[in-house]
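# Examination of the molecular architecture
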Amino acid sequence: MNGPAAAVPAALAQLHHTYCHLTGQSLTLGFDRERLWFEFHRAGYTLVELVQVVRYLQKEIRHTRRNVGALKLSNLLQLDRFEEDLSISRVRLAPLLPAPAKPPPVPTLSPAEQERGRRHALDQLRALKKQLRDGQL
């Protein structure tokens, strides 16, 4: 009976050791914690996913978007919350697509026509100012 069933306790110990290493904690692996890790393992979550969620939560905590309590083992191993955090970490870690480069605007008028328009607008502004000064408006 040294098949897959014998590998489960070693996998649980590895998960716990990795969690402790990532969080800098030194927690014993008692029966209650082993049971939490067993449920985590039985749900199909992996060591890679654990690392991803812990790193995501640490980043969120550093940016004050999450409370440090999110890394408590009893909170982390609530499977519905873990699933949500894993899903969010995947969304946030996806690289952003660069915005398509916009071509520079193409002027519709020639430089000479643009200059004539500027001068015409300036002449109209001067005339308006003169009318305002003279009290004609």
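Residues numbered from 1 in each chain as written. Predicted model: local features only at pLDDT ≥ 70, side-chain atom pairs only at ≥ 80, totals over all residues. Heavy atoms only, no water.

This brings us to the overall build of the protein chain. The secondary structure content of the protein chain amounts to six helices and zero strands. Reading the protein chain from its N end, one meets helices and strands in the order α-α-α-α-α-α. In terms of overall size, the protein chain is more extended than a compact globule, its C-alpha atoms giving a radius of gyration of 32 Å where 137 residues would be expected to give roughly 14 Å. Across its three principal axes, the protein chain shows a C-alpha extent of roughly 100 × 35 × 25 Å. In the protein chain, which comprises 137 residues, the proportion classed as buried is 22%. Taking as baseline every contact in the protein chain between residues at least 6 positions apart, the subset at least 24 positions apart corresponds to 61%. (Helix = DSSP H or I, 4+ residues; strand = E, 2+ residues; numbered from the N terminus. Rg over C-alpha atoms; globule rule 2.2 N^0.38 Å. Buried < 20%, exposed > 50% of the residue type's maximum accessible area, 1.4 Å probe, protein only. Contact = heavy atoms within 4.5 Å.)

The subject of this paragraph is the environment of Q136. The residue Q136 is located in the segment after helix 6 (111-134) in this model. By relative accessible area, which is 55% here, Q136 ends up exposed.

Applying the stated criterion to the full structure yields eight salt bridges. One salt bridge connects E39 with R42, and the closest N-O pair in it is separated by 2.9 Å. With E39 and R42 both in helix 2 (residues 31-42) and three residues apart, this pair spans about one turn of that helix. In this structure E39 comes out as partly exposed when scored by relative accessible area, which is 24%. Overall, R42 belongs to the exposed group, its relative accessible area being 58%. (Salt bridge = Lys/Arg side-chain N within 4 Å of Asp/Glu carboxyl O.)

The subject of this paragraph is the nonpolar core. In this structure, Y19, W37, F40, L50, L76 and F82 are the most contacted members of the largest nonpolar core, which totals 22 residues. Breaking this core down by element, the ones donating at least two residues are helix 1 (4-23), helix 2, helix 3 (47-62), helix 4 (73-76) and helix 5 (79-93). The contacts of W37, once residues within four sequence positions are left out, are L12, L15, H16, Y19, L29, L50, L73 and L77. (Core = buried A, V, L, I, M, F, W, Y, C linked by side-chain atoms within 4.5 Å.)

Below, the discussion takes up the packing of aromatic side chains. In the structure shown here, the tally under the stated rule is five aromatic pairs. With a centroid separation of 5.5 Å and 85 degrees between ring planes, the pair formed by W37 and F40 is classed as edge-to-face. A residue pair is termed a helical-turn pair when its members lie 3 or 4 positions apart in one helix, as W37 and F40 do in helix 2 at three residues. In this structure, W37 and F40 share a single accessibility class: buried. What links up through ring pairs into an aromatic cluster is the set Y19, W37, F40, Y45 and F82. (Phe/Tyr/Trp six-rings, centres within 6.5 Å; stacked < 30°, edge-to-face > 60°.)

A word on helix 6. For helix 6, with 24 residues, the first-to-last C-alpha span of 35 Å sits near the 34 Å given by 1.5 Å per residue. Once helix 6 finishes, G135 follows within two positions and takes phi at roughly 75 degrees, a positive value. (Expected span 1.5 Å × (residues − 1).)

All right, on to the confidence of the model for the protein chain then. Scored by pLDDT, the protein chain comes out at a mean of 89, with 91% of its residues at no less than 70. Least confident of the elements in the protein chain is helix 5, whose mean pLDDT is 88; most confident is helix 2, at 96. (pLDDT = per-residue confidence, 0-100.)

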